[in-house]
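# Working through the structure, step by step
Chain by chain, the residues run as shown.
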Amino acid sequence: MELEQIRLLDEQYYMNTFGKRLNVAFDRGEGIRLYSTEGEQYYDFLGGIAVNALGHSHPKFVNRLKEQLDKLLHTSSLYYIENQAKLAQKLCENSCADKAFFCSTGAEANEGAIKLAKIYFYKKGKENYEIISLDKSFHGRTLATVAATGQEKYQKPYRPLTPGFIQVEPDNIDAVYNAVTDKTAAIMIELIQGESGVYPMSVEYVKKLRELCDEKGIILIFDEVQTGMGRTGEYFAHQYYGVEPDIFTSAKALGGGIPIGAIGAKDFVAQAFEPGDHGTTFGGNPFATAAGLGVFEIYEEEKILENVKVMSAYFMSELEKIKEKHTDKIVELRNAGLLIGIELKGEYARDTFNKMFEKKYLTSLCKNTLRIAPPLIITKQDIDGFINVLDEIL
Ligand SMILES: *Cc1c(COP(=O)(O)O)cnc(C)c1O
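Residues numbered from 1 in each chain as written. Predicted model: local features only at pLDDT ≥ 70, side-chain atom pairs only at ≥ 80, totals over all residues. Heavy atoms only, no water.

## Here's the deal with the pairing of strand β13 (residues 330-336)
Put simply, the rule is: Strand pairing is assigned whenever DSSP identifies at least 2 bridges connecting the two strands. Labels follow the DSSP assignment, with helices taken as runs of H or I lasting at least four residues and strands as runs of E lasting at least two, numbered in each case from the N terminus.
Pairing of β13 with strand β14 (residues 339-344), which is carried by six bridges, proceeds in the antiparallel orientation. Counted as the bridge partner of Arg334 is Gly341 from β14. If you look at the hairpin formed by β13 and β14, you'll find two residues sitting between the two strands, and Gly337 has a positive phi there, around 55°.

See below:
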């Protein structure tokens, strides 16, 4: 189908939640390259918003999915599921979690994490239900996660919001101290705020949050939907920070493009979920968990985390040079591994983003920040290509 036909069909039949999309549709991908319906080649430096960690059509990954397709897609959580059990083991062995639970999206994982924190207190006969999260955060689009998301634009149309959620200034420990009450159940944060433009929390702050939670018996939740699965060069950003949460969530890259979300939790809190307390139809089905297992296997075989460390260091050093050269246009560089924000002066941001797109480089624009979250298989050559184009545009 031609792009124009797709656009018209979309306008007629699809709910207009995405507004005017970028004028392209892709029908094929290979590595970090995407090919449009018009036959043009693009370089994917956004990776489907931190989803396509293995790039597009990774041959081993595709084979792993095909093998599972031929065997079994879905059964039910009424039965034991080998892939689900194995993926839970992988997730726990590669994070601070003792137990895992699978669902289908990031928002659903966060919902589950919030429920787990609340039920933990409920089972102790305590009335702790308040969840403290941060301004400029993003936790998803469901009603509870919208209440946790500290951005007016996402909350406004849905008031009254789910009660019990409050937001405080990020990276400010006093703000959290002041917000804690005898009703607080959990503090929920992104270690690196992705959607609002790549803002890493300081290690000092995160350590103090851990101390605060220990001192007051509050549950610490890290939303690692975007920062998890290798993005920072460690499997999870809590390892990158060296601070363990009681609960964390993951999704985006976990299935390499197949929808899957996860909750990881320490035993003491995971035990609060007893039979019937939480559930899902699709979550952790044989196909989705085969995808998760495939992702883990390929990370190990291809030393993906090592690549993230080497490539992120290279990318940042090249970006520093660009920043030196264009101090009049670049305000700041922020990153954690291959989650990179290039903050531009207001008048250049939209224009730079558009010109990168015209040059076939896919990024995303968060206010004045270009967000880069490329597939983790990226090479120096790919980065050089990006740097040259950015330099030329600036
Ligand atoms: C993307 C994202 C979510 C929401 O994930 P969905 O799969 O879209 O529901 C939640 N939290 C963070 C930090 C995210 O980046």
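That was the structure; now back to the text.
## Points about the site of the ligand
Selection rule: The nearness test applies per residue and asks whether one of its heavy atoms lies within 4 Å of the molecule or strand. Polar contact is defined as a pair of N or O atoms within 3.5 Å, subject to the rule that within protein one atom must be able to donate a hydrogen and the other to accept it, and that residues adjacent in sequence are counted only when both atoms are side-chain atoms. In short, Shrake-Rupley with a 1.4 Å probe defines the accessible areas, and a residue's cover is counted only from the protein chains shown. By the convention adopted, Pro, Cys, Tyr, Trp, Phe, Met, Ile, Leu, Val and Ala count as nonpolar, Lys, Arg, Asp and Glu as charged, and the other residues, Gly among them, as polar.
By nearness alone, every residue bordering the ligand is listed as Thr105, Gly106, Ala107, Asn110, Phe138, His139, Gly140, Glu190, Asp223, Val225, Gln226 and Lys252. For the ligand, a nitrogen atom lies 3.2 Å from a polar atom in the backbone of Phe138. One nitrogen or oxygen atom from the side chain of Lys252 is found 2.6 Å from an oxygen atom belonging to the ligand. In isolation the ligand exposes 380 Å². Once the protein is present, 81% of that is buried. A per-element tally of the shell around the ligand places helix α5 (residues 106-123) first, with three residues. Split by residue class, the shell around the ligand holds three nonpolar, six polar and three charged.

## Some words on helix α3 (residues 59-71)
To keep it simple, the criterion reads: In a helix, the anticipated span is given by 1.5 Å times the number of residues less one. Partly exposed describes any residue whose relative accessible area lies between the buried limit of under 20% and the exposed limit of over 50%, with all areas from a 1.4 Å probe on protein chains only and scaled to the type maximum. As used here, the arc belongs to the directions running from the helix axis to the C-beta atoms. Here a residue-residue contact requires only that any non-hydrogen atoms of the pair lie within 4.5 Å.
Taking 1.5 Å per residue, 13 residues should reach 18 Å; α3 reaches 19 Å between its end C-alpha atoms and fits that length. Burial in α3 covers these residues: Phe61, Arg64, Leu65 and Gln68. The buried residues of α3 occupy one face: seen down the axis, they fall within an arc of 95°. More than 90 degrees from the buried face of α3, the exposed residues found are Pro59, Glu67 and Asp70. In this fold, the buried residues of α3 make contact with α4 (82-93) and α12 (286-301).

## Looking at the domain arrangement of the protein
Heads up, the rule is: Note that the domain bounds reflect an automated or database-derived domain assignment. Defined in terms of a 1.4 Å probe, buried area is the accessible area two parts forfeit on being brought together, summed over both. Here a salt bridge means any side-chain nitrogen of Lys or Arg lying within 4 Å of a carboxyl oxygen belonging to Asp or Glu.
On domain assignment, one finds that the protein holds domain 1 (3-58 + 303-393) and domain 2 (72-302). Here domain 1 and domain 2 have C-alpha centroids that lie 26 Å from each other. Of the residues lining the interface, 27 residues belong to domain 1; the matching set on domain 2 comes to 28 residues. The contact between domain 1 and domain 2 buries some 2,400 Å² in all, and 61% of this surface belongs to carbon and sulfur atoms. Summed over the shared surface of domain 1 and domain 2, the number is one salt bridge. Between Lys309 and Glu234 there is a salt bridge; the shortest N-O distance is 3.7 Å. Counting the contacts that link domain 1 with domain 2 gives 14 residue pairs in polar contact (both at pLDDT 80 or more). For the side of domain 1 that touches domain 2, the residue count by class is 16 nonpolar, six polar and five charged.

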